[in-house]
Amino acid sequence: MTGYTFVEKTLARAAGRVNVRAGDILDIQPDVMFSHDNTAAIRRIFEKIGAQNISRPERAVFTLDHAVPAPTTEHAQNHAEIRQWAKAQGIRQFEVGRGICHQVISEEALVLPGEVILGSDSHTTHFGWLGAFGMGVGRTEMAALWATGQLWIRVPETFRITLIGKPPAGVTAKDITLRLMKDKSVGGGAYRAIEICGETLQHWSIDELPVMPNMMAEFGAMSAYIAPDERVLEYVHARRARAVQAADSDPASYRFRPYEPLYPDTDADYDEDYALDVSTLQPQIALPHQPDNVVNLSEVAGQPIQQALIGTCTGGRLSDLEAAAAVVKGKHIRSRLLIIPASSEVLLEATRNGTLATLIEAGAAISTPGCGPCMGNHMGVPASGEATIMSGSRNFKGRLGTTDAPTYLSNPYVVAACAVAGKIIDPAEIIGTMEA
Amino acid sequence: MTNTHRCWVYGDNVNTDVIFPGKYTYTLKTPEEIASKALEDLDPTFATQVKAGDVIVAGRNWGMGSSREQGVTSLKYAGVNCIIAESFSGLYFRNCINQGVLPIVCTGLHLTLHTGDSIELDIANHTIISGGNHYSFSPLSPSVQKIFDAGGLLPMLQKQFAAAK
Ligand code: SF4
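From a predicted model like this one, the values you see are computed outputs, not experimental measurements.

Asks: Explain the overall build of chain A here, please?
Replies: A tally of helices and strands in chain A yields 14 helices and 18 strands. On C-alpha atoms alone, chain A measures out to a radius of gyration of 21 Å, which is about the 22 Å that the 2.2 N^0.38 rule sets for 436 residues. Taking the principal axes of its C-alpha atoms as reference, chain A extends roughly 55 × 55 × 40 Å. The buried share among the 436 residues of chain A stands at 61%.

Next comes the structure, spelled out in structure tokens:
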């Protein structure tokens with residue numbers, strides 16, 4: 001009898017069952033369910049159902065992040081409806097400027113290792129970095145979750161990706177993720193659950209851990225998972241301890257529920273296994289218009305860049321800002337460099353530790369934490385013909401608002417180096433060497 | 001009960017962009033308009049020639065890509081109530097159930113068929129008969145069957161909530 005995968009274990013728990021297998025169909029109760037600027041649209045579907053109140057309101061979370069601060073009256077109206085609905089239903093809601101859903105929910109430790117989180121956002125795979133099962137759902141499904149507190153799910157097969165070796169200096173989780181995308185193509189995850197493991201993970205900073213689970217959305221995966229190590233458990237523990245101390249906190253509340261990290265059995269059954277040796281990998285770059293259109297950075301050096309963007313749920317954490325600062329320190333940028341921290345916490349820490357000052361001195365523009373131009377809404381959308389390089393995850397045609405603005409994806413060192421040079425360039429050429 | 005259905009046969013990895021182009025997702029609203037664009041970038045003959053009761057028979061990973069619900073509803077509005085594939089993308093499978101279109105996972109069938117061929121479908125007995133061969137498929141799980149029988153997720157919940165009042 002083979003052992004169980006992480007998803008088999010965690011979905012069994014969420015369904016109140018003892019054992020489940022890939023292929024089984026279950027009704028699960030997620031531990032957390034969240035929506036963002038699409039909350040008002042979901043409410044309209046919810047009303048069609050005929051339900052009055054959100055079932056299990058303590059599990060629901062709303063963020064305002066996709067178009068913040070509101071760029072138009074219409075967006076402002078949308079936000080106003082969401083605030084009013086949050087208040088009426090007693091739902092925890094994060095304000096404009098607090099940050100992007102995936103980052104904020106992680107920082108607040110609202111979802112815990114071994115748990116299930118469903119969000120009306122495709123990058124909900126992100127929460128795999130905490131050892132949680134995160135899956136994106138449609139708006140109708142979120143409305144159903146509000147109405148009943150549960151949703152049906154088919155237990156996915158698991159695709160295991162093993163990362164081997166220590167990445168060379170200047171090669172980050174982003175490069176490794178892009179390389180995986182190139183090797184296996186978008187859709188390589190084929191709506192399976194992805195388990196990421198291997199010695200390489202120890203070489204990633206805690207800020208880098210979410211990058212690959214996050215981009216498993218581009219890989220077509222249903223969810224992603226990294227076995228939580230000591231660092232992750234310590235992160236969660238510290239965040240919860242902080243929340244307990246908050247003035248208005250009630251230690252008996254749902255927020256401080258017990259949890260148990262879950263790990264796959266060593267003899268679990270995997271649908272596919274893939275190993276990637278990263279020890280000689282070079283910095284990677286995704287060319288327009290698909291995240292798997294990936295080449296070694298050196299192959300496209302010299303292409304002009306008009307705008308460089310450090311931000312998004314994929315690449316807007318403190319270590320991304322610090323990487324950019326390390327590259328631009330003491331220099332002056334040639335192309336626009338936009339810094340949009342993933343959360344207010346990232347912004348605050350970057351302010352305190354001098355990172356922001358370095359970036360501003362080099363000529364960077366700093367914006368309100370949130371998604372920024374990632375959906376083509378506002379705050380840094382390019383003109384037609386202008387090339388953008390960013391630390392984000394999606395370079396589909398038109399993603400930044402206009403179809404004829406080429407978008408490149410890469411790691412934060414490369415993004416910042418391109419801002420300094422005004423063209424695609426290896427950061428080693430700007431700072432001499434990537435060795436710390 | 002066995003019914004005869006005409007088949008539209010396609011290959012592996014058909015994505016939702018070719019099933020229903022993204023550029024129409026916010027502009028087209030009526031079922032007729034949405035149906036008129038079904039499979040536009042995969043098979044331009046489909047939308048004009050499809051008849052109510054036709055089925056789709058495809059290879060692996062049908063419906064990969066975006067989660068847009070029109071990937072299913074465009075076919076449903078065009079008269080397709082059943083899609084048979086070697087496998088479905090997870091999100092597409094969910095959307096089928098939620099929109100009341102029957103997804104059947106069946107291996108080995110699509111390579112034996114051509115567009116225009118007919119198959120016999122016996123849903124109650126989970127059997128497809130094609131060219132004298134019988135293919136069986138798994139029933140939906142009871143909870144999913146319940147959603148499907150109600151016509152989809154929204155109608156099911158509407159009924160539940162109306163009954164509770
Ligand atoms: S930053 Fe971009 S990818 Fe991330 S949640 Fe916002 S819009 Fe989506």
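That shown, we press on.
Asks: Would you explain the interface of chain A and chain B in this entry?
Replies: By a widely used convention, the size of an interface equals the accessible area lost when the partners come together. At the interface, 24 residues of chain A touch 22 residues of chain B. Between chain A and chain B the total buried area reaches about 1,900 Å² when both faces are included, carbon and sulfur atoms providing 65% of it. Summed over the three residues of chain A that lose the most area to chain B, namely Ile-49, Trp-152 and Tyr-191 of chain A, the buried surface amounts to 38% of that side. Remark: the boundary between chain A and chain B carries one salt bridge. Between Glu-141 of chain A and Arg-94 of chain B there is a salt bridge, with its nearest N and O atoms 2.7 Å apart. At the boundary of chain A and chain B, one finds five residue pairs in polar contact (both at pLDDT 80 or more). Of all the elements in the fold, those that place two or more residues in the side of chain A that touches chain B are β1 (25-28), α2 (39-49), β6 (133-136), α5 (139-148) and β7 (151-154) of chain A.

Asks: Explain the pattern of salt bridges to me, please; I cannot follow it from the model alone.
Replies: Between side chains of opposite charge, a pair can form as their charged atoms come close. Residues and elements named next belong to chain A. The full count for this structure, using the stated rule, is 26 salt bridges over all chains. In this structure, the salt-bridge partner of Glu-107 is Arg-98, at a minimum N-O distance of 3.0 Å. For Arg-98, a relative accessible area of 14% puts it in the buried group. Among the salt bridges present, the one from Asp-271 reaches Arg-192, with a minimum N-O distance of 2.8 Å.

Asks: What is the right way to read the confidence of the model for chain B from this model?
Replies: Note: predicted coordinates in regions of low pLDDT should not be interpreted at a detailed level. Summarising the model, chain B shows a mean pLDDT of 89, and 95% of its residues fall at 70 or more. Across the assembled chains, the prediction reports ipTM 0.84 with pTM 0.88.

Asks: Would you mind going over the packing of aromatic side chains with me for this structure?
Replies: When we look at a pair of aromatic rings, we describe it by the centre distance and by the angle of the planes. All names here are of chain A. The full count for this structure, using the stated rule, is 14 aromatic pairs over all chains. Between Trp-129 and Tyr-235 the ring centres are 5.0 Å apart and the planes differ by 75°, which places this aromatic pair in the edge-to-face class. You can see Trp-129 sitting in the loop between β5 (116-119) and β6 and its partner Tyr-235 sitting in helix α8 (residues 230-245), a full 106 residues away along the chain. Judged by its relative accessible area of 3%, Trp-129 falls in the buried class.

Asks: Where do I start with the sheet that holds strand β1 (residues 3-9) of chain B in this structure?
Replies: One key point about sheets: their strands pair by backbone hydrogen bonds, in either a parallel or an antiparallel sense. Residues and elements named next belong to chain B. The sheet built from seven strands is open, its strands ordered β4-β3-β2-β1-β5-β6-β7 with mixed pairing. Strands at the two margins of the open sheet, each flanked by one partner only, are β4 (102-105) and β7 (133-136). The average angle at which neighbouring strand axes cross in this sheet is 30°, direction not considered. Where strand β2 (residues 55-58) and strand β3 (residues 82-85) come together, three bridges link them in parallel fashion. Bridging across to β3, Ala-58 finds its partner in Ala-85.

Asks: Teacher, can you tell me more about the site of the ligand here?
Replies: Residue and element names in this part refer to chain A. The ligand sits among His-66, Ile-100, His-102, Asp-121, His-123, Thr-312, Cys-313, Cys-371, Cys-374, Met-375 and Arg-399. Class assignment of the residues belonging to the shell around the ligand gives a composition of five nonpolar, four polar and two charged. Taken together, domain 1 (6-275) and domain 2 (284-431) each give at least three residues to the shell around the ligand, which thus spans both.

Asks: Please clarify how the side chain of Ser-393 of chain A should be interpreted in this entry.
Replies: All names here are of chain A. In this fold, Ser-393 is placed in the loop between β17 (388-390) and β18 (407-409). Here Ser-393 falls in the buried class, since its relative accessible area comes to 2%. At 3.5 Å, the side chain of Ser-393 forms a polar contact with the side chain of Thr-314. Once you skip the residues sitting within four places of it in the chain, Ser-393 turns out to touch His-123, Asn-214, Met-215, Glu-218, Pro-291, Thr-314 and Leu-409.

The rules behind these values
Residues numbered from 1 in each chain as written. Chains lettered and ligands numbered in written order. Predicted model: local features only at pLDDT ≥ 70, side-chain atom pairs only at ≥ 80, totals over all residues. Heavy atoms only, no water. Helix = DSSP H or I, 4+ residues; strand = E, 2+ residues; numbered from the N terminus. Rg over C-alpha atoms; globule rule 2.2 N^0.38 Å. Buried < 20%, exposed > 50% of the residue type's maximum accessible area, 1.4 Å probe, protein only. Contact = heavy atoms within 4.5 Å. Buried area = accessible area lost by both parts, 1.4 Å probe. Salt bridge = Lys/Arg side-chain N within 4 Å of Asp/Glu carboxyl O. Polar contact = N/O pair within 3.5 Å; in protein donor to acceptor, adjacent residues only side chain to side chain. pLDDT = per-residue confidence, 0-100. Phe/Tyr/Trp six-rings, centres within 6.5 Å; stacked < 30°, edge-to-face > 60°. Pairing = 2+ DSSP bridges. Axes fitted to C-alpha atoms, helices over the stretch in contact; angles between N-to-C directions. Near = heavy atom within 4 Å. Nonpolar A, V, L, I, M, F, W, Y, C, P; charged D, E, K, R; others polar. Domains from an automatic or database assignment.

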